[in-house]
Amino acid sequence: IPAHRTRDIERQAGYLKREHCAPPPLRTGSDTMWFIRDSCGIVCGVITWFLVFYAEFVVLFVMLLPAKNLLYSLFNGVVFNGLAFLALASHARAMCTDPTLTFVFLLLIQGAVPKGNATKEFIESLQLKPGQVVYKCPKCCSIKPDRAHHCSVCKRCIKKMDHHCPWVNNCVGENNQKYFVLFTMYIALISFHALILVAFHFVLCFEEDWTKCSNFSPPATVILLILLCFEGLLFLIFTSVMFGTQVHSICTDETGIEQLKKEERRWAKKSKWMNLKVVFGHPFSIAWLSPFATPDHGKADVYQYIV
């Protein structure tokens, strides 16, 4: 009778053979770049940046620069460009941050669970206690911590995986959820700001001569403003809904996948405020709104089960 047991979804006895699982890869200090090579995700990421730059172009060159009020142009230009910069920075961090930060059986694994670490030799090296169960993923051949799900796009098990978002070309997990929430928030804010500026500009152009309210011809100005209005309205609704669902998911400490699968809750229940601090960092500060501040997730848990 073995001192510990191993379980996987497919219950394959030969799963831990050397030829099935390669030794776990070692992560070095320089091996910190995370990028998913998915063509759909890359295209969606490029489209996201293009749409933000299009909004920048219309706001600056169609509405603000031709305006006669310098203070109006300066204030709105600083606000819009600042929010757009934070939105793109949040998008880049969400896209290039390894979505998982976990402790697996006293072994620190930063990032998505490495492929091939569920070898017999590796599990024996963990010195598990009798009765402990090791959960394995048969798809990526890795030790599977609690609340981890396999992503077919990332080809990894992702801890606290909420969903795979093609717009950030990455999974939304415990280590990059803050950046995804900030991305949706800042996109919603610049969309709302753009809609207000478009409304003011239409009023200005109706009251004055259309040839004087823009550096472009009246037909071109109307087309550019209508396209920006459509873009702003669409993304305001979309990102506001995503922001709301993410905040709700964080406060209830239940990911989107866990809600859909109605998985049994086997983790400690915490207050909503504590759940927010787990994602955005301890303690509360202005750094919560910064995509450049890496959150301090506090003391990680050890995910192990005695049966």
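A quick note: this is a predicted structure, and the numbers were derived from the prediction, not measured. (Residues numbered from 1 in each chain as written. Predicted model: local features only at pLDDT ≥ 70, side-chain atom pairs only at ≥ 80, totals over all residues. Heavy atoms only, no water.)

With respect to the packing of helix H1 (residues 39-64) against helix H5 (residues 218-252)
Keep this limit in mind: Under this scheme, a helix contributes an axis fitted over its contacting stretch, all axes are lines through C-alpha atoms, and angles between N-to-C directions fall in the 0 to 180 degree range. Numbering of helices and strands runs from the N terminus; a helix is a DSSP stretch of H or I covering at least four residues, while a strand is a stretch of E covering at least two. In what follows, roughly perpendicular refers to angles from 65 to 115 degrees, roughly parallel to angles under 35, roughly antiparallel to angles over 145, and oblique to any angle outside these ranges. The hand of a helix crossing depends on one turn: near helix anticlockwise from the far one by less than a right angle means left-handed, and clockwise means right-handed. Here, residues are in contact when the closest pair of their heavy atoms is within 4.5 Å. Here the term charged refers only to Asp, Glu, Lys and Arg, the term nonpolar to Ala, Val, Leu, Ile, Met, Phe, Trp, Tyr, Cys and Pro, and the term polar to all other amino acids, Gly among them.
With their axes 10 Å apart at the nearest point, H1 and H5 run at an angle of 135° to one another. In terms of their interaxial angle, H1 and H5 are classed as oblique. When you trace H1 past H5, the crossing you get is left-handed. Between H1 and H5, the contacting residues are Leu51, Val52, Tyr54, Ala55, Phe57, Val58, Val59, Val62 and Met63 on the first element and Thr221, Leu224, Leu225, Leu227, Leu228, Glu231 and Phe235 on the second. The class makeup of the residues in the contact of H1 with H5 is 14 nonpolar, one polar and one charged.

Structural notes on the side chain of histidine 193
Within the fold, histidine 193 resides in helix H4 (residues 177-207). With sequence-adjacent residues up to four places away left out, histidine 193 is seen in contact with Asn76, Val79 and Phe80.

A look at the pattern of salt bridges
Filter applied, for reference: Think of a salt bridge as a Lys or Arg side-chain nitrogen and an Asp or Glu carboxyl oxygen that are within 4 Å of each other.
Taken as a whole and assessed by the stated rule, the structure comprises five salt bridges. Between arginine 147 and aspartate 253 there is a salt bridge; the shortest N-O distance is 3.2 Å. One end of the pair, arginine 147, is in the loop between strand E5 (142-143) and strand E6 (148-151); the other, aspartate 253, is in the loop between H5 and helix H6 (256-261), and 106 residues separate them in sequence. In this structure, aspartate 253 engages lysine 270 in a salt bridge whose closest nitrogen and oxygen atoms are separated by 3.6 Å. You can see aspartate 253 sitting in the loop between H5 and H6 and its partner lysine 270 sitting in the loop between H6 and helix H7 (272-280), a full 17 residues away along the chain.

A word on the UniProt feature "transmembrane region" (unreviewed entry) in the protein chain
Filter applied, for reference: UniProt positions are given in the numbering used here, feature names are shortened, and annotations may be inferred rather than shown by experiment.
Feature annotation in UniProt places "transmembrane region" (unreviewed entry) on residues 40-64, 70-89, 179-204 and 216-238, given in this structure's numbering. Within residues 179-204, the helical portion is 100% and the strand portion 0%, while the C-alpha atoms at the span's ends are 37 Å from each other. The distance from the first to the last C-alpha atom of residues 216-238 is 30 Å, and the span holds 91% helix and 0% strand.

Looking at the side chain of histidine 149
Where we set the bar: Relative accessibility decides the category of a residue: with a 1.4 Å probe and only protein chains considered, values under 20% of the type maximum give buried, values over 50% give exposed, and everything between is partly exposed.
Locating histidine 149 in the fold gives a position in strand E6. In this structure histidine 149 comes out as buried when scored by relative accessible area, which is 8%.

As for the state of the cysteines
Think of a disulfide as a covalent bridge from one cysteine sulfur atom to another cysteine sulfur atom. Under the convention used in this document: The term disulfide is used for any two cysteine sulfur atoms that are within 2.5 Å.
Tallying each qualifying case throughout the model produces one disulfide. Disulfide pairing is shown between cysteine 205 and cysteine 213; the S-S distance is 2.1 Å. Torsion about the S-S bond of the cysteine 205 and cysteine 213 cystine: about 105°, corresponding to right-handed handedness. Overall, the relative accessible area of 0% leaves cysteine 205 in the buried class. With no disulfide of its own, cysteine 151 lies closest to cysteine 171 among cysteine sulfurs, the gap being 3.2 Å. Classification of cysteine 151 by relative accessible area gives buried; the value is 3%.

Points about unusual backbone geometry
For the bond running from histidine 282 to proline 283, omega is -15°, close enough to zero to count as cis. Take proline 283: it is sitting in the segment after H7. For lysine 155, which is not glycine, the phi torsion reads 60° and is therefore positive. Looking at the element boundaries, lysine 155 is found in the loop between E6 and strand E7 (156-159). Note on lysine 155: relative accessible area 46%, which makes it partly exposed.

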